[in-house]
Amino acid sequence: MKKPSISFFTYATLIVSLYLTACSDGVQTLTSAQLVAEKNAALTSGFAKQASDSSVHWLTPELLVLPKSTEEVLYQFLNTGKDEFNAITLLAVDFPEHLAKKFPHLADFQAYKVDLSPVEAKEWLKQQLMVVAFDRRQQAQKVSFVQTGPVIDALYTQGENDADEVTDLGATITEEGVSFKLWAPTAQAVSVQLFDDNLQVISGGKLAMVEDTNTGIWQVISDDQASYAYYKYQLSVYHPESQKIESLSVTDPYSLSLSVNSDYSQVVDLNDPITQPENWLNQPIPTVKNVEDNVFYETHIRDFSANEQRLSDPDFKGKYKAFSEQNSDGIQHLKALQAAGLNNIHLLPTFDIATVNEDESKHLDIDDNLAKVCTITPNASICQQSYDEKQSIKSLLQSFSVAGEKAQQLVSQLRAYDNYNWGYDPFHYTVPEGSYAVNAQGVPRLVEFREMVQSLHGMGFRVIMDVVYNHTHQAGLETNAVLDKIVPNYYHRLDPITGAIEQSTCCDNTATERVMMAKLMTDSLVVWARDYKIDGFRFDLMGHQPKDVMLVARAAVRQVDSDTYFYGEGWNFGEVASNSQFTQASQLELGGTEIGTFSDRLRDAVRGGGNNTRDSQGVGNGLLTFPNDKANEKKNEETNRADYALRMDQLRIGLAGNLINFPLREVNGATVFGKDIPYGDQPTGYALDPADTINYVSKHDNQTLWDNSQYRLAFDVSTDDRVRMHLQSLSFTLFAQGIPFLHMGAEFMRSKSFLRDSYDYGDWFNRVDFSKQDNFYNVGLPPAEKDQANWPLIKEVLKGHQGRDQVSAKHIQFSSEVFKEMLAIRMGSPLFRLTNEQDIIDKVSFLNAASPKNGAKQGKEQQLGLLVMKIDDSVGAAVDSNYQSLIVIFNTSDKTQTFDYDFSDDSNASSTQGYQLHPIQKSGTDEVVKQSKVTANGFTVPALSSVVFVKQRD
């Protein structure tokens, strides 16, 4: 179809003519320049008001794409500058194949040629841009704003010596002075304003910055007055949110230090001894021989010491400094775990976050009195009645009935003002969070963070940092927005049609597929690894980031820390799901990279599917062996057995490192591999290397393991058996190939009183007792906003359990000891930590499995409640100098069972001769496990026990 040839300027002249006619009544005389300016304003305003979406994507200086249309229209690309109004007629062209592959979510769009040079394109990017569709009558039929992220990359990051190759963005102290560099290619003017230690403007401290038009970087060098000064950038930039040029004051996205509450950036040199604790450069840093030797212990900084009773200074509660204590219960416990083999402390987000007021006079602590509460939150319900000003928040919460709603109501009313948050709300990516510092102003917070890292290293731990580069706390013109004020609509991923910032992660999604967002992430990671000696990184919602970006980032970090380890959440969802915009860093794409992803396969097999439910059980909480009332209601044994068989197979594959190619058994002459076991509509096995898999049964998200089990357990299970089931669930993680991930306090049967999402609900629901006296179960109904719909079920299970869900200090201490023993068993043999796919395939096998390869006696009549795993070091190259073979038997049933080894489906089975109970269990805390026996024909294992039998080398 031939498009009509319509001159936009003919149409524009018509508009101007009409405009001048309307103004010719002589009321006001305008100059030619004023007429031009007002003409532009009228046209711009008129079109902008008609804009219905942001469906146009400018990909390169010469090409843009927009949704295909069947209407016969002429497209005009408009640039509405301050003193001029420019337009280009767009001509349809074929969508270049390489660009269609690069932008698969736009592949069905129509491409158009843009007749602009790179220099002209850069100027256009500093203004409002629209594409207008005109019909034959020269009427505007559709107006769309333009998404510019790809063309900004094309202009500033795809040549030599351009923006992504600059290594000193931010404020850098040099011999010549302080260099300030800000990448802001769409800004019209940029300056930097300096402030003194009192955050007052420094006289003569406003420095105009000059743009390098090749890189889009604005820069200036200051004299020594800027050294350790505070600063902010002042920008003049067109912002799509307001559709006008904005004058903005903003902190530095490359900040290395900040004032209290992050209002100002600070110039610092992280190599300066003033920013370092004593002996920082000489500290010992623990290493691991193999990646698979890692064990991660997920620790929220505030949770670690918020309930601590043995601090040398009460001001250290919930702070970095609590990790440098010597005699606190928390530190003593960490030391005991380290002695058992724990080697990594994973810290929940410790970069600067936006949701906790760092000024202690303006936030609430659970130990604060009600006088402070009612000063800060006068509208809280407790302040509307008579109250004791001296009573603490904690004391008041303790006075409420656990069956009532008052505790959750008070916590909910105060949560916006308290000092608690998980920290998944990034403000500045490369500065430690100030609310965990005793002194949050400037350099002291950096020193305190480094003290924590140094203390953990000194205890023998590697330090892992939880990072959240997939979203920011705010965007647009909001108070806590940074990136989107500097280069609007670049750093965030936009809906391809509406242009709204995607929020599938929870908040404003970043676009790490953009070169400079990926660079910001990589540069930030290098600072943490090089300057803070962070040993590895856990990535929040990693599947929202491109795989190639993650690999490049890891390579960069390896340049400064060769044994770093990356892992994260590889979930596949949202606007990027199924590689719709790029190849994701997701479970199914990262096999063989040794970037670990959390396995929901083993988790669900153990815990049961879903949350907040009694309708499903897992192997670890009674599936088929201890059926609850809901399972019995089904009255369908065949369905229950099928569910059990699938969960057991998923669990076996999980124990074998979740490998794609692990051969589980033979069925009708064909081998069933890990990839053949279904997990919903996906394969269970997705790993090609054990380092690809992170095994866990609980972490900060969702209910704790203990709470999840209480939802699902049969009512008549005894307290002792509940503790055993809890420990057995943890044993699946500790005895699996791959890398274990442990939630702090799981060894204490930690509870959050059924709270599904405790991210912002204070110490009351997030407490951990390292003195091992209380697990804080059932301390009140969980907050209504998250769990009100679950209250009826919670009340039902609490009533049904009749107190059997309440543990004593003795139970907690027993659980802690057994946990340490299981950890020591894992770390005592490399057979639990095999380092490659082939070794796992060769050495690991599962006995008592349905349809055995050799047609052995068990066949489909496998013993209910028994999972038998053998790790045979006589096959292939030996890895363990002590043990020739291990047999691990998980008895999830309610009775002692004997596994007949001579009649198992093990082609290498000969006899049980030489096997014995593992020495740690033989001399350990669990008297029940000590009842395990090795007979001439098999192994006898007590109910609800995970037992390790070892065969010494000759």
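Up top is the structure.
The rules we used
- Residues numbered from 1 in each chain as written.
- Predicted model: local features only at pLDDT ≥ 70, side-chain atom pairs only at ≥ 80, totals over all residues.
- Heavy atoms only, no water.
- Helix = DSSP H or I, 4+ residues; strand = E, 2+ residues; numbered from the N terminus.
- Rg over C-alpha atoms; globule rule 2.2 N^0.38 Å.
- Contact = heavy atoms within 4.5 Å.
- Areas by Shrake-Rupley, 256 points an atom, 1.4 Å probe, with all protein chains shown as cover.
- Lys, Arg positive; Asp, Glu negative; His and termini not counted.
- Charge placed at Lys NZ, Arg CZ, Asp CG, Glu CD.
- Disulfide = S-S within 2.5 Å.
- Buried < 20%, exposed > 50% of the residue type's maximum accessible area, 1.4 Å probe, protein only.
- Pairing = 2+ DSSP bridges.
- Salt bridge = Lys/Arg side-chain N within 4 Å of Asp/Glu carboxyl O.
- Polar contact = N/O pair within 3.5 Å; in protein donor to acceptor, adjacent residues only side chain to side chain.
- Axes fitted to C-alpha atoms, helices over the stretch in contact; angles between N-to-C directions.
- Nonpolar A, V, L, I, M, F, W, Y, C, P; charged D, E, K, R; others polar.
- Parallel < 35°, antiparallel > 145°, perpendicular 65-115°, else oblique.
- Left-handed = near helix turned anticlockwise from the far one by under 90°.
- Phe/Tyr/Trp six-rings, centres within 6.5 Å; stacked < 30°, edge-to-face > 60°.
- Lys NZ or Arg CZ within 6 Å of the ring centre and 35° of its normal.

Caption draft 1: Representation of the overall build of the chain. Helices and strands together make up the secondary structure of the chain, namely 25 helices and 41 strands. Computed over its C-alpha atoms, the radius of gyration of the chain comes to 31 Å, within 12% of the 30 Å expected for a compact globule of 954 residues. Considered along the principal axes of its C-alpha atoms, the chain spans approximately 110 × 70 × 60 Å. Within the chain, contacts between residues separated by at least 24 positions form 74% of all contacts whose residues are at least 6 apart in sequence. Split by element, the accessible area of the chain, about 35400 Å² in all, is 47% carbon and sulfur. Placing the 84 positive and 124 negative side-chain charges of the chain at their respective mean positions leaves the two points 5 Å apart.

Caption draft 2: Region of the structure containing the state of the cysteines. For the structure shown, the criterion picks out two disulfides. Covalent S-S linkage joins Cys374 and Cys383, the inter-sulfur distance amounting to 2.0 Å. Torsion about the S-S bond of the Cys374 and Cys383 cystine: about -90°, corresponding to left-handed handedness. We classify Cys383 as buried; its relative accessible area is 15%. With its sulfur 2.3 Å from that of its partner, Cys506 forms a disulfide with Cys507. Across the S-S bond linking Cys506 and Cys507, the dihedral sits near -95°, which makes this disulfide left-handed.

Caption draft 3: Expanded view of the pairing of strand β10 (residues 177-183). A large share of β10 lies buried, amounting to seven of its seven residues. Hairpin connection from strand β9 (residues 170-174) to β10: two residues lie between these consecutive antiparallel strands. Where β10 lies against strand β14 (residues 217-222), six bridges are found, and the strand directions are antiparallel. Bridge pairing links Phe180 to Val220 in β14.

Caption draft 4: Fine view of the pattern of salt bridges. The final tally for this structure, using the stated rule, is 44 salt bridges. Across the salt bridge formed by Arg614 and Asp629, the nearest N and O atoms sit 2.8 Å from each other. Of this pair, Arg614 sits in the loop between α15 (600-607) and α16 (629-634) while Asp629 sits in helix α16, and the two are 15 residues apart along the sequence.

Caption draft 5: Quick look at the side chain of Ser893. With respect to the helices and strands, Ser893 occurs in the loop between β36 (883-891) and β37 (897-900). Within polar-contact distance, the side chain of Ser893 engages the backbone oxygen of Lys895 at 3.1 Å. Once you skip the residues sitting within four places of it in the chain, Ser893 turns out to touch Thr625, Phe626, Leu864, Gly865, Ala943 and Leu944.

Caption draft 6: The arrangement of the side chain of Asp561 in detail. Checked against the element boundaries, Asp561 lands in the loop between α14 (547-558) and β26 (565-568). Buried and unpaired, Asp561 has Arg462 as its nearest opposite-charge partner, separated by 5.2 Å. Those residues in contact with Asp561, other than ones at most four positions away along the chain, are Ala529, Ile534 and Asp535.

Caption draft 7: Structural view of the sheet that holds strand β19 (residues 344-347). Read around the barrel, eight strands follow the order β18-β19-β22-β25-β26-β27-β32-β33 and close on themselves; strand pairing throughout is parallel. Mean inter-strand twist for the sheet, computed between neighbouring axes without regard to direction, equals 30°. The pairing of strand β18 (residues 296-299) with β19 spans four bridges and is classified as parallel. The partner of Thr299 across the bridge, within β19, is Leu347.

Caption draft 8: View of the pairing of β9. Relative to β10, β9 runs antiparallel, the two being bridged by five bridges. If you follow Ile173 over to β10, its bridge partner there is Val178.

Caption draft 9: Structural context of the sheet that holds strand β4 (residues 85-89). As summarised here, the arrangement of the eight strands in space is β4-β3-β7-β8-β1-β2-β6-β5, forming an open sheet in which the pairing is mixed. The outermost strands of the open sheet, each flanked by one partner alone, are β4 and β5 (91-93). Strand-to-strand twist of the sheet, defined as the mean angle between neighbouring strand axes without regard to direction, takes the value 35°. In the sheet, β5 pairs with strand β6 (residues 110-113) via three bridges, with the strands oriented antiparallel. In the sheet register, Val93 faces β6, and the bridge partner there is Ala111. Across the sheet, helix α5 (residues 149-156) lies against β1 (51-60) and β8 (140-147), angled at about 25° from β1, the strand it touches most.

Caption draft 10: Region of interest: the packing of helix α7 (residues 329-340) against helix α23 (residues 809-827). Following both chains from N to C, one finds α7 and α23 inclined at 35°, their axes separated by 8 Å at the closest point. On the side of α7, the interface is formed by His333, Ala336, Leu337 and Ala340, while α23 contributes Ser816, Phe819, Lys820, Leu823, Ala824 and Met827. Across the contact of α7 with α23, the residue classes tally to seven nonpolar, two polar and one charged.

Caption draft 11: Just α5, in detail. Of all eight residues making up α5, eight are buried, and the element is well covered by its neighbours. Of all the positions in α5, only Gly149, Pro150, Val151, Ile152, Asp153, Ala154, Leu155 and Tyr156 are classed as buried. Elements that come into contact with the buried residues of α5 comprise β1, α4 (118-124), β8, β10, β13 (210-212) and α13 (515-531).

Caption draft 12: Highlighting the packing of helix α19 (residues 719-734) against α23. Relative orientation of the contacting elements α19 and α23 amounts to 25°, with a least axis distance of 10 Å. Taken as axis vectors, α19 and α23 run roughly parallel relative to one another. With respect to the hand of their crossing, α19 and α23 are arranged in right-handed fashion. Here Thr719, Asp720, Val723, Arg724, His726, Leu727, Leu730, Ser731, Thr733 and Leu734 of α19 come into contact with α23, specifically with His811, Phe814, Ser815, Val818, Phe819, Met822, Leu823 and Arg826. Split by residue class, the contact of α19 with α23 holds nine nonpolar, six polar and three charged.

Caption draft 13: Region of interest: the packing of aromatic side chains. Scanning the model with the defined rule gives 43 aromatic pairs in all. Look at Phe351 and Tyr429: their rings are 6.1 Å apart centre to centre, the planes differ by 70°, and that puts the pair in the edge-to-face class. Here Phe351, found in strand β20 (residues 351-353), pairs with Tyr429, found in strand β21 (residues 426-432); they are 78 residues apart in sequence, far enough to count as distant. You can call Phe351 buried: its relative accessible area is 1%. Take Tyr429: its relative accessible area is 4%, and that puts it in the buried class. Measuring from ring centre to ring centre gives 4.8 Å for Tyr429 and Tyr469, while their planes differ by 40°; the resulting arrangement is tilted. Of this pair, Tyr429 sits in strand β21 while Tyr469 sits in the loop between β22 (462-467) and β23 (471-472); the two residues are 40 residues apart in sequence, bridging distant segments of the chain. Each member of the pair, Tyr429 as well as Tyr469, is classed as buried. Pairwise contacts between aromatic rings join Phe296, Tyr565, Tyr567, Phe598, Tyr696 and Phe741 into one cluster. The side chain of Lys675 reaches across the aromatic face of Phe673, ending 5.7 Å from its centre.

Caption draft 14: How the structure looks around unusual backbone geometry. Unlike most non-glycine residues, Asn261 shows phi in positive territory, near 65°. The topology assignment puts Asn261 in the loop between β16 (244-250) and β17 (265-266). Of note in the backbone geometry, Phe754 takes a positive phi value of approximately 75° without being a glycine. Residue classification places Phe754 among the buried residues on the basis of a relative accessible area of 1%.

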